[in-house]
Amino acid sequence: MSTPSLVWVRARPAGRSLLSLLLVVAFALSVLAVAGEPVAGSGGAKAAREVLASLLRPDLSLPFLRTVAEATLLTAAYAVAAMTVALAVGIPGALAVSGVLVRRRSARLASVSVVRGLFATVRAIHELVWALLLLIILGPNPIAGVIAIGLPYGATVARVLGERLTDVPAAPLAALTSAGSSPWQTLFYGRLPLAGADLAGYLFYRFECAVRAAAVLSFIGLGGIGFQIQIALADLRFERVWPLLAALLVLVVAVDRLSRYVREAGTV
Amino acid sequence: MTSPSTNGAHPYGCALEGVCISYAGQPALGPLDLQVPTGQAVALVGPSGAGKTSLLRAVAGQRRPGSGRVLLAGRDISGLRRAELPGLAGLMSQRLDLIPQLSVRHNVQSGALGRWGLARSLAALLLPLEHPPARAAARRVGLEQLLPRRVADLSGGELQRVALARLLVQDPAVVLADEPVASLDPARADDLLGMMRATGREGGRTLIVSLHSPELAVRHFDRVIGLRAGRIVFDLPPSRVTPAELQSLYELLDLTPTRP
């Protein structure tokens, strides 16, 4: 009578289903492995009440708000500095990792695999671990913090940017090449515009991550929001934590807005 | 925009000698011999899969023939330096292959990249500079008003003219176009082909254009070549193309093995 609206087109390969099942089990087991200590002890509940109570009476005194404003600007400045390092590493890195400037196929494959391995290693180490390593080498100072963020972010930017530059439609690039365009010219007249607004959006997302990382890495000597939160917590002045967190939120939202504005304005 | 390379140069703009092309073992073209005198306007007609695109790509140097030779102005295409090809032949593909995010001006100017160094290319892209031949080409195809517009915002007929203007800036001796009017209404198709003919004549360029419509081929070109299953079925001046000839071209399609 009536035909069914949906029918199975083809069975999934048994191997893939098995793999999916194994992954689900592995993830489920990993949660059990973490559960050990009770989450909130008797002292913890009291502290939680104090923290929540402080939410009703945040410290909004003028001198403290001044501190918050300064800390916010400082965090933003470190994030910008870290992003500058990330771009200085990541943009040349993206060109090397993607091999888009190398015409010969064999040379491209060789250079790409070497550079890709190098960046994968840098990226594999989290910015917190970089900070600990650099703390030992350079001591606690802002430069160490900026490098700790900028280096792994640069490696990540290199990878993602490199992929975006490779994953553009091939035909328009071939048309440029046949008009005599060199790989460098094709980069600027083809790859970058084709990757376009997407690229700007990703870089702003990285900037947002850098803001949060800069707030976390106060122990290495990055002043700013993270450092102020650390002080407030050490003094048990929870009423000061909330305005600082609000400032961090404002900063992240501001970056997000800026990103949207830039993407809507379009490139070139 | 005259092209000095064609003035008093080789009598044949392009020539094919025993050219064969196959895709994944399936023959697509040839063996094919063809000579096109410099300055002639040739239309290729025939059903889909007849080998029109393969022929154009071979002449443009984008597809190396399995056997045979392609000559541009008497020179074997396989012996050319990379930088020489853009001045000898240029192909406007069916998809046009423009960069939608860039302006009309930058797309048209990109035809000159083969003659520009990187510094000049970047200056032309990032600074408000203009390449006078690009404006001239845009004016020639009626796009001058649209120069600052983004290509993504244009209509189909306008896109076709941007691609033509880019090719005029590239200034090849042999202009090749693959189905340039496939997506245009009849009036615009006439308009574009007339424009291609006129710009070809001005530059002394050789013109080879593939078309679906035999009527347009007869109306605009010096010579009409019928292709079917990779072979030349007829090769006639437009006055001698008869309905019977055209019928043979399309009717016999049913007898030939179809190809993806």
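Check the entry above for the structure.
Rules used throughout
- Residues numbered from 1 in each chain as written.
- Chains lettered and ligands numbered in written order.
- Predicted model: local features only at pLDDT ≥ 70, side-chain atom pairs only at ≥ 80, totals over all residues.
- Heavy atoms only, no water.
- Helix = DSSP H or I, 4+ residues; strand = E, 2+ residues; numbered from the N terminus.
- Rg over C-alpha atoms; globule rule 2.2 N^0.38 Å.
- Buried < 20%, exposed > 50% of the residue type's maximum accessible area, 1.4 Å probe, protein only.
- Areas by Shrake-Rupley, 256 points an atom, 1.4 Å probe, with all protein chains shown as cover.
- Patch = residues over 30% accessible without salt bridge, like charges linked within 9 Å, V, L, I, M, F, W, Y side chains within 5 Å.
- Salt bridge = Lys/Arg side-chain N within 4 Å of Asp/Glu carboxyl O.
- Pairing = 2+ DSSP bridges.
- Axes fitted to C-alpha atoms, helices over the stretch in contact; angles between N-to-C directions.
- Contact = heavy atoms within 4.5 Å.

**Some details on the overall build of chain A**
Then, number 1: Scanning chain A for helices and strands turns up ten helices and zero strands.
Then, number 2: Helices and strands appear in chain A in the N-to-C order α-α-α-α-α-α-α-α-α-α.
Then, number 3: At 25 Å, chain A has a C-alpha radius of gyration far larger than the 18 Å of a compact globule built from 268 residues.
Then, number 4: Dimensions of chain A along its principal axes, counting C-alpha atoms only, are 65 × 60 × 40 Å.
Then, number 5: The 268 residues of chain A split such that 37% are buried.
Then, number 6: Here chain A has roughly 15,800 Å² of accessible surface; of this, 70% comes from carbon and sulfur atoms.

**Section: a nonpolar patch on the surface**
Then, number 1: On the surface, Leu18(A), Leu21(A), Leu22(A), Val25(A), Leu29(A) and Leu32(A) cluster together to form a nonpolar patch covering roughly 620 Å² of accessible area.
Then, number 2: As for its placement among the helices and strands, Leu21(A) is situated in helix α1 (residues 14–34).

**Points about the sheet that holds strand β8 (residues 206–211) of chain B**
All names here are of chain B.
Then, number 1: Read across the open sheet, the six strands follow the order β6-β7-β8-β3-β9-β10; overall the sheet is mixed. Among the strands making up the open sheet, the edge pair consists of β6 (89–92) and β10 (231–236). Taken over all neighbouring pairs, the strand axes of this sheet differ in orientation by 20 degrees on average, direction set aside.
Then, number 2: Relative to strand β9 (residues 223–228), strand β3 (residues 41–45) runs parallel, the two being bridged by four bridges. Opposite Val45, over in β9, you have Gly226 as the bridge partner.
Then, number 3: Along the sheet, helix α7 (residues 186–203) makes contact with β3, β7 (174–178) and β8, crossing β8 at roughly 160 degrees.
Then, number 4: Running over the sheet, helix α9 (residues 243–251) touches β3, β9 and β10 and is turned about 165 degrees from β10.

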